[in-house]
Amino acid sequence: MDSVPRLTSVLTLLLSGLWHVGFTATNYNCDDPLASLLSPMAFSSSSDLAGTHSPAQLNRRVGTGGWSPADSNAQQWLQMDLGNRVEITAVATQGRYGSSDWVTSYSLMFSDTGRNWKQYKQEDSIWTFAGNMNADSVMHHKLLHSVRARFIRFVPLEWNPSGKIGMRVEVYGCSYKSDVADFDGRSSLLYRFNQKLMSTLKDVISLKFKSMQGDGVLFHGEGQRGDHITLELQKGRLALHLNLDDSKPRLSSSPPSATLGSLLDDQHWHSVLIERVGKQVNFTVDKHTQHFRTKGEADALDIDYELSFGGIPVPGKPGTFLKKNFHGCIENLYYNGVNIIDLAKRRKHQIYTVGNVTFSCSEPQIVPITFVNSSSSYLLLPGTPQIDGLSVSFQFRTWNKDGLLLSTELSEGSGTLLLSLEGGTVRLVIQKMTERTAEILTGSSLNDGLWHSVSITARRDRITLTLDNDAASPAQDTTRVQIYSGNSYYFGGCPDNLTDSQCLNPIKAFQGCMRLIFIDNQSKDLISVQQGSLGNFSDLHIDLCSIKDRCLPNYCEHGGGCSQSWTSFSCNCSNTGYSGATCHNSLYEQSCEVYRHQGNTAGFFYIDSDGSGPLGPLQVYCNITEDKIWTSVQHNNTELTRVRGADPEKPYTMALDYGGSMEQLEAMIDGSEHCEQEVAYHCRRSRLLNTPDGTPFTWWIGRSNERHPYWGGAPPGVQQCECGLDESCLDIRHFCNCDADKDEWTNDTGFLSFKDHLPVTQIVITDTNRSNSEAAWRIGPLRCYGDRHFWNAVSFYTEASYLHFPTFHAEFSADISFFFKTTALSGVFLENLGIKDFIRLEISSPSEITFAIDVGNGPVELIVHSPSLLNDNQWHYVRAERNLKETSLQVDSLPRMTRETSEEGHFRLQLNSQLFVGGTSSRQKGFLGCIRSLHLNGQKLDLEERAKVTSGVRPGCPGHCSTYGSICHNGGKCVEKYSGYSCDCTNSPYEGPFCKKEVSAVFEAGTSVTYMFQEPYPVTKNISLSSSAIYTDAAPSKENIAFSFVTAQAPSLLLYINSSSQDSLAVLLCRNEHLGLDSEVAKANIMGFVGCLSSVQYNQVAPLKAALRHATIAPVTVQGTLTESSCGSVVDADVNAVTTVDSSSDPFGKTDEREPLTNAVRSDSAVIGGVIAVVIFIIFSIIGIMTRFLYQHKQSHRTNQMKEKEYPENLDSSFRNDIDLQNTVSE
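Residues numbered from 1 in each chain as written. Predicted model: local features only at pLDDT ≥ 70, side-chain atom pairs only at ≥ 80, totals over all residues. Heavy atoms only, no water.

Q: Explain helix H5 (residues 662-670) here, please?
A: Listing the buried residues of H5 in full gives Gln664, Leu665, Met668 and Ile669. All buried residues of H5 project into a common sector of 130° when viewed along the axis, lining one side. Against the buried residues of H5 lie strand E47 (603-607), strand E48 (618-624), strand E49 (629-633), strand E52 (672-684) and strand E58 (782-787). (Buried < 20%, exposed > 50% of the residue type's maximum accessible area, 1.4 Å probe, protein only. Helix = DSSP H or I, 4+ residues; strand = E, 2+ residues; numbered from the N terminus. Arc of directions from axis to C-beta. Contact = heavy atoms within 4.5 Å.)

And the structure:
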């Protein structure tokens, strides 16, 4: 491609940069006083105490000594005409000389024409300036953002309560020069290149514009290959189309690359800046910037012949344009450093003008009004009564779905006309007494913030409602009715003192803007209304439309949808994975460790590693075991994959997709203690890594897109496999089995565990193209364990100690969460200060947590009162949040304390000091105790690492089991660990992370388990001798027996125990047959037990678990076939349960008179405190009756040979029971 255009583009870009430098230099020291030399005629006001224009320059002492209005109220203002558009950088005020009249707060408005004012804003809110405290001192304010305007208006808000409004003012700034072009909607400027094709790698386009039209093309350029760039207004927003690829569709069918701005048809200046370098584009409208990347292969924008500004002319058809032209003014239009308007003004040959383009901005004298209050705003305008017919038209814009637009009492008794907005639709009703004579509905979604025109006409008993003449709308509706024009027209609402016949408003008042009001074909002068000479009004802003788009920028986070009314916005968080007023809070936990802490077992979960941060949730598998909590992320190719025909010229590559972004995976890995991936390479005459110094034949790509020539089991930087480190490879001359290049299949398998390189994203294989050469590879899932942050804790042991971190930056949303435990009465958890703003969390009393925050509107304090003490040395959870909608505080599971945030005034939280944790900058009110798992806006603070270098603070905090020990069930023991706790299930018949998983087995005929009591057996490495011992010489005074069973056989011997003291105990399942005790035991012993037993426990021994888990080391003997199985799978039928309870004081009492008795037989010893529960299962409508038989007898143990018995063929009368027995034996 020709390099000349590229060189030209680089030079013009350089010129553009130089121009921006020069422009900045001309505005340096822009602080000249502008009002001191103005004539008295340059000052005007809403009213004047002196009756004439009072000059009100700063330090003026002559005359009235400044300005005071005739009445001191909220409708007064003082205005200056500065002669030309100037740049205003500061203002100053005084009170009126020699008086007690001064203003204590005020706002500013600006205008180019003295009409259509714009309020000065900071932080997207109408700014209130602090005024004076006396009549003589000067209060000076430098504007955060300079303003370019000709007119400035001071609007007093508050004043000295002992005096009146009084002001002397000064405005500071400098002259402002600009090049302006006015486009009438049928014109454009064409900038023609010096060559046929302009190809640019970089572009900078800047301009300002103002318009009353919501649609129109600002500029356009295209090339024959399909490249194009277009900037156009669409419904008051700016859409940028940019295409660098000739395969993309043309402008007419392609969606915009980016859309920015809102309400840009307000006849105020808006700035635009487009910066492109290759495919990367920055698009800025006013203060909002959107970054995007264009699609396609090319980096250059190729434009043929010309760029057009103001419209897209059709070649060969003068005055014809492809799309609607821009109608308004453009200022300081620069394309890659070229001042387009300056060239046009000087009639340079590069510029061709289509239609009528002038070089001064024509300003339509249109006066908008704003209805501020939804209950009290209204505008009264007079009509011409008794005219046969009616004609009313106006334009409106609003965000509210409902509101009264117009109400008038018609003459000649023809009824009341009511025009309203209901559900976004315009509704016209003419009502006479209780009779509704006409109704018309038209339009939809008219609360979209755009201008809509409405016209009502009635002529010769035909009424017509027209909505948006030039927009798509339903057909005009007409209804025959005889009406006469009314005397008074109420717009927006009704005064309180009127009857329904004079002004009818069945819904709330209108909040929004109106303009161009015509009654009986006469334009109404709204400035006369403001001056009090026409009609009446309440709660109106006249001569400005103060509509605000609360969804720009969109403060709904994580892709939440924003909707708004006139006064507020709301967020739709559906399908985002987040919740809360601004979709800030993640629905998911940050790790598998947290899910385990909540009592969850293994399964698929979503984890959100950065909580409320920008990263979305990632689906993982949490394998929660007794030992570790593994987090696994599967990829798209976990099967063993065979490879043939790959060589260095045509390598085999496979990319792995984990179903999430690399940032999500990195966050998960970085937050874990250990991560690994198993890699396996099976080979036959296919080499893997070559020699340590040679070029590798196979490598893998990690997280940073870097090649890694080491294999599983070897550390980074060593081009070896695991067998090379162990010196166990097939050929000692090589460092991998596969590098021996054998004809037989072999493999190299191991784990990659260097976290900074994981996960594996791609594998490349190059040595499978030789004769009989073949390989197969498999890369396992990414697996991690250990949450580095959930148990990250510190202990503060002096009140003066604290940890400090960088400033907490959370302008719009702030969430803070942590655990604490303490015995102190009070103390500050966390504090961060700004110049005025601050944020603080503290335990203010033993039962109160306080969250205090100030964003510039005064402190807000939330307090949660706990019914129980919080300084009980137990872990407690705190979560505080502040966003643009609400401030909230949550403590443990107590009710959440919430307070709505005002959407006016300051809303940015601006902090600048260090963040103090566990104390304050004053070293007072410090916290004594422990803080754990501190998160700020999803970011995890490493408390332990900071505590290592801080006096008065220790890393870690023991005592987790005191709070969380109850999570270990069924006799499991909570074991304290440095990072959390675990459940020791050694003495429990259950297992699993919480000792809740049953251990069960199927007993066939002839199967039995015998446990011999002896010294403790070592089922765990670090268990105390007394933890699970039943000694042979022990004579316990109490037996605890618990188990569950499923069987279809009775009688059955479930459990039999005998001791050296010739005591014995038997648990039998028998029919309701009257047999002797010895014969019953003997019969059951012959039958044995056929069925399923689960979770068997006798005192501190779990014999069934010992047989299944520790058969080689436990004193247990298994006869027959014992098969581990879930008892729940044995009975696969609908079950109805009846539960009966026997009191130990009446073991022979009836529990259900419709069923046989449940018998308990006692020996000489007493049965004390036993609670016996019998569960009867009814299956397939055949009732099986279970009798529990407990037998304890003092005699020598008789050994009976068990006889095999098959399962009954019919399982319909099977029994499933949970038995929990306690028996106290006394001599």
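There is more to say after this.
Q: Looking at this structure, I do not really get the sheet that holds strand E56 (residues 762-765). What am I missing?
A: Adjacent strands of a sheet form backbone hydrogen bonds with each other and so pair up, either parallel or antiparallel. Taken together, the four strands give an open sheet; going across it, the order is E51-E56-E53-E54, and neighbouring strands pair in antiparallel fashion. In the strand order of this sheet, the two ends are held by strand E51 (652-655) and strand E54 (707-708), each with one partner. Bridge count for strand E53 (residues 698-701) against E54 is two bridges, and the pairing is antiparallel. Bridging from a neighbouring strand, Ile701 pairs with Arg707 of E54. (Pairing = 2+ DSSP bridges.)

Q: I'm lost on the environment of Lys235 in this one. Help?
A: Positionally, Lys235 belongs in the loop between strand E15 (228-234) and strand E16 (237-243). In this view, Lys235 contacts Gly214, Asp215 and Leu450; residues no more than four positions away in its chain are not counted.

Q: Even after reading the chapter, I still don't get the state of the cysteines, so can you show me in this structure?
A: Formally, a disulfide is one covalent bond, and it connects the sulfur atom of one cysteine to the sulfur atom of another. Taken as a whole and judged by the stated rule, the model has 17 disulfides. Two residues share a disulfide in this structure: Cys556 and Cys571, whose sulfurs sit 2.0 Å from each other. On the S-S bond that ties Cys556 to Cys571, the torsion sits near -85°, and the link is left-handed. Of this pair, Cys556 sits in the loop between strand E42 (540-542) and strand E43 (561-564) while Cys571 sits in strand E44 (residues 569-572), and the two are 15 residues apart along the sequence. Note on Cys571: relative accessible area 19%, which makes it buried. The residue that forms a disulfide with Cys675 is Cys784, at a sulfur-sulfur distance of 2.0 Å. The chirality of the disulfide connecting Cys675 with Cys784 is right-handed, given an S-S dihedral of about 110°. (Disulfide = S-S within 2.5 Å.)

Q: I keep staring at the environment of Asn832 and nothing clicks. Help me out?
A: Secondary-structure assignment places Asn832 in strand E62 (residues 827-833). A polar side-chain atom of Asn832 sits 2.9 Å from the main-chain amide nitrogen of Phe808. Of note is the side chain of Asn832, whose polar atom sits 3.2 Å from the backbone oxygen of Gln914. (Polar contact = N/O pair within 3.5 Å; in protein donor to acceptor, adjacent residues only side chain to side chain.)

Q: Help me understand unusual backbone geometry in this model?
A: Negative phi characterises most residues that are not glycine, and trans characterises most peptide bonds. Here the residue pair Leu552 and Pro553 is connected by a cis peptide bond, since its omega of -5° sits within 30 degrees of zero. Take Pro553: it is sitting in the loop between E42 and E43. Cis geometry marks the peptide bond from Leu758 to Pro759, where omega comes out at 5°. Structurally, Pro759 is set in the loop between strand E55 (746-752) and E56. The residue Arg685 is not glycine, and still its phi comes out positive at about 50°. For Arg685, the position within the fold is in the loop between E52 and E53. Located in the positive-phi region is Cys995, a residue other than glycine, with phi close to 55°. Residue placement: Cys995 occurs in the loop between strand E75 (990-991) and strand E76 (997-998). Note on Cys995: relative accessible area 0%, which makes it buried.

Q: Would you take a moment to explain the confidence of the model for the protein for this structure?
A: Keep in mind that low pLDDT regions are not for reading the predicted coordinates in detail. Predicted confidence across the protein gives a mean pLDDT of 83, with 83% of residues reaching 70 or more. For the stretch residues 471-476, pLDDT sits under 50, and the model shows seven contacts to residues farther than four places along the chain or on other chains. pLDDT under 50 marks residues 1133-1217. Its contacts with residues more than four places away, or in other chains, come to 171 contacts. (pLDDT = per-residue confidence, 0-100.)

Q: In this structure, what is going on with the UniProt feature "domain: EGF-like" (unreviewed entry) in the protein? I would like to understand it.
A: Mapped onto the present numbering, the UniProt feature "domain: EGF-like" (unreviewed entry) falls on residues 547-584 and 958-996. Taken end to end, residues 958-996 comprises 10% helix and 31% strand; its first and last C-alpha atoms sit 25 Å apart. (UniProt positions renumbered as here; feature names shortened; annotations may be inferred.)

Q: Please explain the sheet that holds strand E64 (residues 848-854) as it appears in this structure.
A: Read from one edge to the other, the open sheet built from six strands follows the order E60-E69-E62-E63-E64-E65, with strand pairing classed as antiparallel. Each end of this open sheet is capped by a strand with a single partner; those strands are strand E60 (803-805) and strand E65 (860-865). Ignoring which end each strand starts from, the neighbouring axes of this sheet average 15° apart. As judged from the six bridges shared by E64 and E65, these two strands associate in the antiparallel manner. By the bridge assignment for E65, Thr850 is matched with Ile863. (Axes fitted to C-alpha atoms, helices over the stretch in contact; angles between N-to-C directions.)

Q: Would you mind going over the pairing of strand E38 (residues 488-491) with me for this structure?
A: Successive side chains on a regular strand alternate, one facing one side of the sheet and the next facing the other. Where strand E29 (residues 378-382) and E38 come together, four bridges link them in antiparallel fashion. The partner of Leu379 across the bridge, within E38, is Phe491. Examined bridge by bridge, strand E31 (residues 403-409) and E38 share three bridges and lie antiparallel to one another. Within the sheet, the bridge partner assigned to Ser407 lies in E38 and is Tyr490.

Q: Would you explain the side chain of Ser125 in this entry?
A: Tracing the chain through its elements places Ser125 in strand E7 (residues 125-126). We classify Ser125 as buried; its relative accessible area is 3%. Ignoring any residue separated from it by four or fewer positions in sequence, one finds Ser125 in contact with Tyr120, Lys548, Gly905 and Phe907.

Q: Can you help me understand the environment of Cys729 in this one?
A: Among the secondary structure elements, Cys729 is positioned in the loop between helix H6 (722-726) and E55. You can call Cys729 buried: its relative accessible area is 9%. When the C-alpha positions of Cys729 and Asp739 are compared, they lie 9.2 Å apart, and in sequence the two are 10 residues distant. Contacts of Cys729, omitting those with residues within four sequence positions, involve Cys723, Gly724, His734, Phe735, Cys736 and Asn737.

Q: I'm lost on the packing of aromatic side chains in this one. Help?
A: Remark: the centre distance and the inter-plane angle together describe each pair of aromatic rings, the angle taken between the planes. On inspection of all chains with the given rule, the structure shows 40 aromatic pairs. Consider the rings of Phe394 and Phe491, whose centres lie 5.7 Å apart with planes at 90°: the pair is edge-to-face. Of this pair, Phe394 sits in strand E30 (residues 390-397) while Phe491 is found in strand E38, placing the two residues 97 residues apart along the sequence. One aromatic cluster is present, formed by Phe790, Trp791, Phe819, Tyr877, Tyr964 and Tyr981 through successive ring pairs. Sitting above the plane of the Tyr352 ring, Arg192 keeps its charged end 4.7 Å from the centroid. Seen from the ring of Trp875, Arg932 lies directly overhead, with NZ or CZ sitting 4.6 Å from the centre. (Phe/Tyr/Trp six-rings, centres within 6.5 Å; stacked < 30°, edge-to-face > 60°. Lys NZ or Arg CZ within 6 Å of the ring centre and 35° of its normal.)

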